[in-house]
Amino acid sequence: MSLDEGERVRKLSSTEVGALLLAGFFVVAGCLVVLHPREGVVQHPTMSPTGGGNPESYLEYLSKGPSRFYGGVAILIGGGIAALALYPRK
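Everything numeric in this text was worked out from a predicted model, so none of it was measured.

How each quantity is defined
- Residues numbered from 1 in each chain as written.
- Predicted model: local features only at pLDDT ≥ 70, side-chain atom pairs only at ≥ 80, totals over all residues.
- Heavy atoms only, no water.
- Helix = DSSP H or I, 4+ residues; strand = E, 2+ residues; numbered from the N terminus.
- Expected span 1.5 Å × (residues − 1).
- Buried < 20%, exposed > 50% of the residue type's maximum accessible area, 1.4 Å probe, protein only.
- Arc of directions from axis to C-beta.
- Contact = heavy atoms within 4.5 Å.
- Phe/Tyr/Trp six-rings, centres within 6.5 Å; stacked < 30°, edge-to-face > 60°.
- Axes fitted to C-alpha atoms, helices over the stretch in contact; angles between N-to-C directions.
- Parallel < 35°, antiparallel > 145°, perpendicular 65-115°, else oblique.
- Left-handed = near helix turned anticlockwise from the far one by under 90°.
- Nonpolar A, V, L, I, M, F, W, Y, C, P; charged D, E, K, R; others polar.

**Student:** Explain helix α1 (residues 14-35) here, please?
**Tutor:** Helical geometry: 3.6 residues make up each α-helical turn, so side chains three or four residues apart lie on a common side. With 22 residues, α1 extends 31 Å between its outermost C-alpha atoms, agreeing within 8% with the 32 Å of an ideal straight helix rising 1.5 Å per residue. Every buried residue of α1 is listed here: E16, A23 and G30. Buried residues of α1, seen end-on, are gathered within an arc of 55° and therefore sit on one face of the element. The outward face of α1, more than 90 degrees from its buried face, is lined by the exposed residues S14, L21, F25, V28, L32 and L35. Buried residues in α1 make contact with α2 (64-86).

**Student:** How do you make sense of the environment of L35 when you look at a structure like this?
**Tutor:** Considering the arrangement of structural elements, one finds L35 in helix α1. Since its relative accessible area comes to 61%, L35 is described here as exposed. Residues L35 and R68, 33 residues apart in the sequence, show an inter-C-alpha distance of 7.8 Å.

**Student:** Is there a simple way to explain the environment of S57 in this structure?
**Tutor:** Along the chain, S57 falls in strand β2 (residues 55-62). We classify S57 as partly exposed; its relative accessible area is 40%. The sequence separation of S57 and Q43 amounts to 14 residues, and the corresponding C-alpha distance is 6.6 Å. Excluding its chain neighbours within four sequence positions, the residues that come into contact with S57 are Q43, H44, P45 and T46.

**Student:** What exactly am I supposed to notice about the packing of aromatic side chains here?
**Tutor:** To describe a pair of aromatic rings, one takes the distance between the centres and the angle between the planes. According to the stated counting rule, one finds two aromatic pairs in the structure shown. Note on F25 and F26: the rings are 6.2 Å apart at their centroids and 75° apart in plane angle, and the pair reads as edge-to-face.

**Student:** Looking at this structure, I do not really get the packing of α1 against α2. What am I missing?
**Tutor:** At a minimum axis distance of 7 Å, the contact between α1 and α2 shows a crossing angle of 160°. With respect to α2, the axis of α1 lies roughly antiparallel. Relative to α2, α1 is oriented so that their crossing is left-handed. Among the residues making up the contact of α1 with α2, the classes are represented as 16 nonpolar, six polar and two charged.

Here it is as C-alpha cells:
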C-alpha cells in the first residue's frame, strides 16, 4: 500500500499510544477470560440503606458463564477505547 502525493501518515500522540496500550490490555485479558473462564467470588461493596455511612458488602459467586460474559464486555471496552484513540479529530 503506497501513499498518494499529498497524503500524510498521522503521528499518534503519547495519549493515543497509551490509550491503545490500555485497549490492547482489555482485549487480551478479555480473550483470556473468554477462552479460559474461571469460577470465583467477587465482593461488591455497598452503602448501608439505614444510613450512617457504614459500608456493607455482598458476595457474588461467578460460574464460567458470567465469567465469559465479563470477558466479552472487556473485549468490547477495549475495542471502544481503541476506536476512540484512532478516530481522527477535526
